[in-house]
Amino acid sequence: DAKTTQPTSMDCAEGRAANLPCNHSTISGNEYVYWYRQIHSQGPQYIIHGLKNNETNEMASLIITEDRKSSTLILPHATLRDTAVYYCIVRDYGSGNTGKLIFGQGTTLQVKP
Amino acid sequence: EPEVTQTPSHQVTQMGQEVILRCVPISNHLYFYWYRQILGQKVEFLVSFYNNEISEKSEIFDDQFSVERPDGSNFTLKIRSTKLEDSAMYFCASSGGPQPQHFGDGTRLSIL
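Before going into details, it helps to say that this report is about the structure given with it. All values reported here derive from a predicted model rather than from experimental measurement. (Residues numbered from 1 in each chain as written. Chains lettered and ligands numbered in written order. Predicted model: local features only at pLDDT ≥ 70, side-chain atom pairs only at ≥ 80, totals over all residues. Heavy atoms only, no water.)

The next subject is the state of the cysteines. Inspection of every chain in the model, using the stated rule, returns two disulfides over all chains. Each sulfur in the disulfide pair A:C22 and A:C88 lies 2.1 Å from the other. An S-S torsion of about -80° defines the bridge between A:C22 and A:C88 as left-handed. Here A:C88 lies in strand β8 (residues 84-92) and A:C22 lies in strand β2 (residues 18-23), a separation of 66 residues in the sequence. Given a relative accessible area of 1%, A:C22 falls into the buried group. The exposure class assigned to A:C88 is buried, which follows from its relative accessible area of 1%. Sulfur-sulfur distance for the disulfide between B:C23 and B:C92 comes to 2.0 Å. In this structure, the disulfide formed by B:C23 and B:C92 twists by about -65° around the S-S bond and is classed as left-handed. With B:C23 in strand β3 (residues 19-24) and B:C92 in strand β9 (residues 88-95), this residue pair connects regions lying 69 residues apart in the sequence. (Disulfide = S-S within 2.5 Å. Helix = DSSP H or I, 4+ residues; strand = E, 2+ residues; numbered from the N terminus. Buried < 20%, exposed > 50% of the residue type's maximum accessible area, 1.4 Å probe, protein only.)

Okay, here's the thing in structure tokens:
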């Protein structure tokens, strides 16, 4: 089972920041937080990942709380093309682990004009 | 930017027939995965493959399924005798190790 909890759906106005929360209260020290999104039935698209520090790339920012039990994905200026299902996933890089991704239901983000 | 490519985009097959789904992972990647997504459901892990052998497989990946890396570029998923419940989107992914997995756009498998 997925080790994360996300809201089922969220709305965001075009041009505004979209803040998508994720709870991962049972995360362990070896586990990274990953964010993917899936637009329609396309393949999941990698967005960003982090261990404990905040991360930023050209797509988004990832804020991880100090206790690592929750995180927030921030899309700074949402566009209509950001409408998608967003998945928060914890992934273990421990010894012998294949790094499989376990997807939950994710958050359906609807960006509205 | 390099990408994972999958063929065909849509495969229609009669129940009981064998089907092979093909994937070309990103060229310098070493870890390969198959996932599936039944319509309206979650993306589910099927199998991971590294160093020419299966690293891990899920309960879904039973004896009807097999994977192969027949040459230096392709990674295939074979279903020996398809069932109606095998109808789904099948996604291939690859990674260079402890790095993000990158997914293809999938093959829609329809079993009649």
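Having seen the structure, we can now continue with the description.
Successive side chains on a regular strand alternate, one facing one side of the sheet and the next facing the other. Residue and element names in this part refer to chain B. Residues of strand β11 (residues 107-111) alternate between two faces, with T107, L109 and I111 buried on one and R108 and S110 left unburied on the opposite face. Alignment of strand β2 (residues 10-13) against β11, held across four bridges, turns out to be parallel. When the sheet's bridge partners are listed, T13 is paired in β11 with I111. Relative to β11, β9 is paired through three bridges, and the arrangement is antiparallel. Bridging across to β11, M89 finds its partner in R108. (Pairing = 2+ DSSP bridges.)

Residues and elements named next belong to chain B. Taking burial as the measure, the eight residues of β9 include eight buried ones, the bulk of the element. Across the two faces of β9 the burial is the same, with A88, Y90, C92 and S94 and M89, F91, A93 and S95 all buried. Strand direction decides the pairing type here: β9 and strand β10 (residues 102-103), joined by two bridges, are antiparallel. Looking at β10, one finds that A93 is bridged to F103. If you look at the hairpin formed by β9 and β10, you'll find six residues sitting between the two strands, and G97 has a positive phi there, around 135°.

By secondary structure assignment, the location of B:T76 is in strand β8 (residues 75-79). Those residues in contact with B:T76 that lie beyond four places of it in its chain are B:I20, B:L21, B:R22, B:W34, B:S66, B:V67, B:E68 and B:P70. (Contact = heavy atoms within 4.5 Å.)

Attention now goes to the pattern of salt bridges. Residue and element names in this part refer to chain A. A full pass over the atoms with the stated rule returns five salt bridges over all chains. In this structure, E31 engages K3 in a salt bridge whose closest nitrogen and oxygen atoms are separated by 2.8 Å. You can see E31 sitting in strand β3 (residues 31-38) and its partner K3 sitting in the segment before β1 (9-13), a full 28 residues away along the chain. Looking at E31, the relative accessible area reads 5%, which means it is buried. Overall, the relative accessible area of 36% leaves K3 in the partly exposed class. The partner of R37 in a salt bridge is D82, with the nearest N and O atoms 2.8 Å apart. With R37 in strand β3 and D82 in the loop between β7 (70-75) and β8, this pair connects stretches of sequence that are 45 residues apart. You'll find R37 and D82 in the same group, each marked buried. (Salt bridge = Lys/Arg side-chain N within 4 Å of Asp/Glu carboxyl O.)

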